[in-house]
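Descriptive analysis of the structure
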Amino acid sequence: MSGPLLMTTPPVVQHLTVAPGRRIIAVSDIHGNLPYLKGLLKKCAFSKSDVLVIVGDLLEKGPDPLGTMRWVMALSREYEVHTLCGNCDFWHNFCDLPDDPDMDAFYIRYLLGRNKGWGDGVIAQMLRALGVPIGPDMDLRAAKRAVAAGFPAELDFMRRMPHILETEDYIFVHGGYVPERGAFACMKLDAYRTVAKPHRKWTIVGHWPLVLYHETITDARPIIDRDLRLVSIDGGCVVKDDGQLNAFFLPDMTWTSYDAFPVARAAESQRESETHFYIRHGDNAVELLAWGREFCRCRHIRTGYEMDVLTCNILSREGSRAWVNDCTDYRLPLEAGDEISIVRTTTRGYQCKRNGISGWYDGPIES
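As a starting point, this report considers the structure included with it. Because the structure is a prediction, the values reported are computed rather than measured.

1. Here's the deal with the overall build of the protein chain
When you go through the protein chain residue by residue, the secondary structure sums to nine helices and 24 strands. Taking 2.2 N^0.38 as the reference for a compact globule, 367 residues should give roughly 21 Å; the C-alpha atoms of the protein chain span a radius of gyration of 22 Å, in line with that estimate. If one aligns the C-alpha atoms of the protein chain with their principal axes, the spans along those axes are about 55 × 55 × 40 Å. Looking at the protein chain as a whole, 56% of its 367 residues are labelled buried. The long-range share in the protein chain, meaning contacts at least 24 apart out of those at least 6 apart in sequence, stands at 68%. Summed over its atoms, the accessible surface of the protein chain is roughly 16,700 Å², and 50% of this surface lies on carbon and sulfur atoms.

2. Describing the sheet that holds strand β13 (residues 263-266)
The strand order across the open sheet built from six strands is β8-β23-β22-β21-β13-β24, with neighbouring strands paired in antiparallel fashion. One side of each edge strand has no neighbouring strand; the edge strands of this open sheet are β8 (218-219) and β24 (365-366). In this sheet, strand β21 (residues 339-346) lies alongside β13 in antiparallel orientation, the contact comprising three bridges. By the bridge assignment for β21, Val263 is matched with Ser341.

3. Things to note about helix α3 (residues 65-78)
Taking 1.5 Å of rise per residue, the 14 residues of α3 would be expected to cover 20 Å, and the 21 Å separating its terminal C-alpha atoms lies within 8% of that figure. Along α3, the residues that are buried comprise Pro65, Leu66, Thr68, Met69, Val72, Met73 and Leu75. Looking at the buried residues of α3, the elements they touch are α2 (34-44), β3 (50-54), β4 (80-83), α6 (122-130) and α8 (152-159).

4. Considerations on helix α7 (residues 140-150)
Of the positions making up α7, those classed as buried are Leu140, Ala143, Lys144 and Val147. End-on view of α7: buried residues confined to an arc of 100°, all on one side of the axis. Facing away from the buried side of α7 by over 90 degrees, the exposed positions are Arg141, Arg145 and Ala149. Taken together, the buried residues of α7 touch α4 (93-96), α5 (101-112), α6 and α8.

5. Notes on the pattern of salt bridges
Pairs can form between side chains of opposite charge whenever their charged atoms are close. Scanning the entire structure with this criterion turns up 26 salt bridges. With its nearest N and O atoms 2.6 Å apart, the salt bridge here joins Arg22 to Glu80. With Arg22 in the loop between β1 (13-15) and β2 (23-27) and Glu80 in strand β4, this pair connects stretches of sequence that are 58 residues apart. A relative accessible area of 22% places Glu80 in the partly exposed class. For the salt bridge of Lys144 with Asp99, the shortest nitrogen-to-oxygen distance reads 3.2 Å. Taken together, the positions of Lys144 in helix α7 and Asp99 in the loop between α4 and α5 put the pair 45 residues apart, joining distant regions of the chain. Overlapping salt bridges, with partners in common, bring together Glu287, Arg297, Arg299, Glu306, Asp308 and Arg348 in one network.

6. Some thoughts on the sheet that holds strand β6 (residues 170-173)
Sheet strands associate in pairs through backbone hydrogen bonding, adopting either a parallel or an antiparallel arrangement. Taken in spatial order, the six strands make up an open sheet running β1-β5-β6-β7-β10-β9, and their pairing is mixed. Taken across any chain shown, the strands that pair with only one partner, and hence form the sheet edges, are β1 and β9 (223-225). With direction set aside, neighbouring strand axes in the sheet form an average angle of 15°.

7. Concerning the layout of surface pockets
One number sums up the size of the largest pocket: a volume of about 1,100 Å³. The wall of the largest pocket is formed by 41 residues, among which Lys61, Asn87, Cys88, Lys116 and Lys188 lie closest to the centre. Those elements that provide at least two residues to the lining of the largest pocket are α1 (3-8), α4 and α5. No other element matches α5, which puts four residues into the lining of the largest pocket. In the lining of the largest pocket, the residues fall into 19 nonpolar, ten polar and twelve charged.

8. Re empty space enclosed by the protein
As enumerated under the stated definition, the model contains two cavities of 30 Å³ or more in all. Together, 16 residues line the largest cavity, and Thr218, Asp242, Asp326, Cys327 and Gln351 are the ones closest to its centre. The set of elements that each furnish at least two residues to the lining of the largest cavity consists of β20 (327-328) and β23 (357-361). Grouping the constituent residues of the lining of the largest cavity by class yields four nonpolar, seven polar and five charged. The computed volume of the second largest cavity comes to approximately 70 Å³. Around the second largest cavity sit Phe295, Met307, Asp308, Val309, Leu310, Asn313, Asp326, Cys327, Thr328, Gln351 and Trp360, which together line it.

Conventions adopted
Residues numbered from 1 in each chain as written. Predicted model: local features only at pLDDT ≥ 70, side-chain atom pairs only at ≥ 80, totals over all residues. Heavy atoms only, no water. Helix = DSSP H or I, 4+ residues; strand = E, 2+ residues; numbered from the N terminus. Rg over C-alpha atoms; globule rule 2.2 N^0.38 Å. Buried < 20%, exposed > 50% of the residue type's maximum accessible area, 1.4 Å probe, protein only. Contact = heavy atoms within 4.5 Å. Areas by Shrake-Rupley, 256 points an atom, 1.4 Å probe, with all protein chains shown as cover. Pairing = 2+ DSSP bridges. Expected span 1.5 Å × (residues − 1). Arc of directions from axis to C-beta. Salt bridge = Lys/Arg side-chain N within 4 Å of Asp/Glu carboxyl O. Axes fitted to C-alpha atoms, helices over the stretch in contact; angles between N-to-C directions. 1 Å grid on protein atoms, 1.4 Å probe; cavity = no way out; pocket = protein on both sides within 12 Å on 5 of 7 lines; lining within 4 Å. Points joined across faces, edges and corners; volume = space filled by probe spheres on them. Nonpolar A, V, L, I, M, F, W, Y, C, P; charged D, E, K, R; others polar.

The following block contains the structure:
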């Protein structure tokens, strides 16, 4: 969608009546991770008595956006499933909109860059399935015609995604509830909780990974803001190394989550670290103080906080300055016998999670 049109198009609002007693399961930001979606719905005991609301970003960044969309399409034929449009989902515009030199240049860059390094997006998967070559000199018009002819059901599924789903009690929207600002703002409004205003109805959003709302710990649990009547549920599935897929239940206002990390038990208790910090996306510039094969000593530029960072988390560097992936030195408070999910094993202990919070455990484990 071209820039001006994208910014000014009003959001599509769909109204839904949910019978009393039915459970609504809200899930967001699946990002093409079908095993996580299947695992989460199994954990939720999802059934035909439930209403599943996918609050946007079904596609892109993950391993199989096309397969995930097709699975949700099939699920929607047997269960009540409502899929909203997120800022990663409106790829029907690849075929639907008039040719535009700027957008065509973007499509070429996006396809060649493999979704900005995440891997093939849904259009690239479609083109490869059709045997259409992807390259700097590709015939984009022919590619659009091929996708339109080869994937009419998938394109129609994306066309039917509303930007806002509203019931008598709830509003579901991917980025933020700002219909006056147009469709794109509803799909992509970073850190919506910091600018949201209280609403009569509870609003459920995704888009902004929950961990980015925290400065000292990595916490992916849904945030229930009762003052704003706002629930934010993006657990960082795919986009964070330790991400999870959250499910939020209405009207109970409870939640559960799924990830695929192996589970172990802490064999010893561990006290919570007294001081700790979380270096995160958007504030991840550090000074490299010492380089090591497994860990680097770094000083966070903005705060001056020093911590050891896994060398594999160094994203790029220019001289002594570097930019790092999300990382923390938080030691989880644990009792012997507590279950933890092991994200990574190192010579200094385990990068792990417990109840949605990520950190470190330096004792022995029991499988």
